[in-house]
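Next come the chains, spelled out residue by residue.
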Amino acid sequence: MKITSPPPFDGGEIFSLKKRAGYVIMNENMKKLLIVDDDYLVREGLRSTVDWQSVGVEVAAVAENGAVGLEKARELMPDLIIADVRMPVMDGLEMAKILFDEKADLAIIVYSGYKDFENARRALDSGVAGFLLKPIDSNDLIAKGKEVLAALEARRRDSKIL
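Residues numbered from 1 in each chain as written. Predicted model: local features only at pLDDT ≥ 70, side-chain atom pairs only at ≥ 80, totals over all residues. Heavy atoms only, no water.

Draft legend 1. Quick peek at the environment of leucine 149. Position of leucine 149 relative to the elements: it lies in helix α6 (residues 138-161). Note on leucine 149: relative accessible area 8%, which makes it buried. Here the alpha-carbon distance between leucine 149 and aspartate 79, two residues 70 residues apart in the chain, equals 7.7 Å. Apart from the residues within four sequence positions on either side, leucine 149 is in contact with Lys31, Val57, Asp79 and Leu80. (Helix = DSSP H or I, 4+ residues; strand = E, 2+ residues; numbered from the N terminus. Buried < 20%, exposed > 50% of the residue type's maximum accessible area, 1.4 Å probe, protein only. Contact = heavy atoms within 4.5 Å.)

Draft legend 2. Spatial organisation of the pairing of strand β1 (residues 31-36). With five of six residues buried, β1 lies mostly within the body of the structure. Direction of pairing for β1 relative to strand β2 (residues 57-63): parallel, over a ladder of six bridges. The partner of valine 36 across the bridge, within β2, is alanine 63. Handedness of the crossover joining β1 and β2 through helix α2 (residues 40-49): right-handed. (Pairing = 2+ DSSP bridges. Right-handed = clockwise from strand over helix to strand, strands pointing away.)

Draft legend 3. Up close: the sheet that holds β1. Spatial strand order, β2-β1-β3-β4-β5: five strands in an open sheet with parallel pairing. The open sheet is flanked by β2 and β5 (130-133), the only strands paired with a single partner. Ignoring which end each strand starts from, the neighbouring axes of this sheet average 20° apart. Each of β1, β2, β3 (80-84) and β4 (107-112) is contacted by α2, which is oriented at about 165° to β2, the strand it contacts most. Relative to the sheet, α6 contacts β1, β2, β3, β4 and β5, its axis offset from that of β4 by approximately 155°. (Axes fitted to C-alpha atoms, helices over the stretch in contact; angles between N-to-C directions.)

Draft legend 4. Main features of helix α3 (residues 66-76). All of the buried residues in α3 are Gly66, Gly69, Leu70, Lys72, Ala73 and Leu76. A distance of 2.9 Å separates the backbone nitrogen of alanine 67 from a side-chain oxygen at the start of α3, and that oxygen is part of asparagine 65. The first or second residue beyond α3 is methionine 77, which carries a positive phi of 50°. (Polar contact = N/O pair within 3.5 Å; in protein donor to acceptor, adjacent residues only side chain to side chain.)

Draft legend 5. Quick look at the pattern of salt bridges. The final tally for this structure, using the stated rule, is 10 salt bridges. The salt bridge involving arginine 47 is made with glutamate 44; its shortest N-O contact spans 2.6 Å. Taken as a pair, arginine 47 and glutamate 44 lie in helix α2 at a separation of three residues, close to a single helical turn. The class of glutamate 44 is buried, set by a relative accessible area of 16%. In this structure, aspartate 84 and lysine 134 form a salt bridge, with 3.2 Å as the shortest nitrogen-oxygen distance. Of this pair, aspartate 84 sits in strand β3 while lysine 134 sits in the loop between β5 and α6, placing them 50 residues apart in sequence. (Salt bridge = Lys/Arg side-chain N within 4 Å of Asp/Glu carboxyl O.)

Draft legend 6. The packing of α3 against helix α4 (residues 92-101), seen in detail. Contact geometry for α3 and α4: axes closest at 9 Å, N-to-C directions at 30°. It follows that α3 is roughly parallel to α4 by the angle criterion. Handedness of the α3/α4 crossing: right-handed. For the pair α3 and α4, the contacting residues are Gly66, Gly69, Leu70, Ala73 and Arg74 in the first and Met95, Ile98 and Leu99 in the second. Considering only residue class, the contact of α3 with α4 consists of five nonpolar, two polar and one charged. (Parallel < 35°, antiparallel > 145°, perpendicular 65-115°, else oblique. Left-handed = near helix turned anticlockwise from the far one by under 90°. Nonpolar A, V, L, I, M, F, W, Y, C, P; charged D, E, K, R; others polar.)

Shape is all these values report; function is a separate question.
The structure is reproduced here in structure tokens:
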């Protein structure tokens, strides 16, 4: 897999949303992932240390808060978003609620370092597919990713049948 920088946007050409967002995804068979976390080290750790390719996923973009994540999700239309619950500007659950209100065809996994029931309840109420506690074990994340992507594919298949 090779990710390259897009050509400069001159305003006259129409580029795919992926190219305008700064990413060119070379393998269209891979599922697209958006990582949203306000902590740079966590974002980059999730991007670079988890073996996403082993489950057919590639990182399409990262975002530093829910507002930027919302914008990137609208542009890139990822299959999966992994987001922190608590972030400045807009939290991960608010972002998820907006995307689901807009009928986005994706799955979202959120995580939190706070072991309170309120975060888990809000996560379920917002429609997210999974909730994990920090510190995140990469094996647990991969397993949850496989699970929610399988459910997403089943939902997409079912909607084509109807």
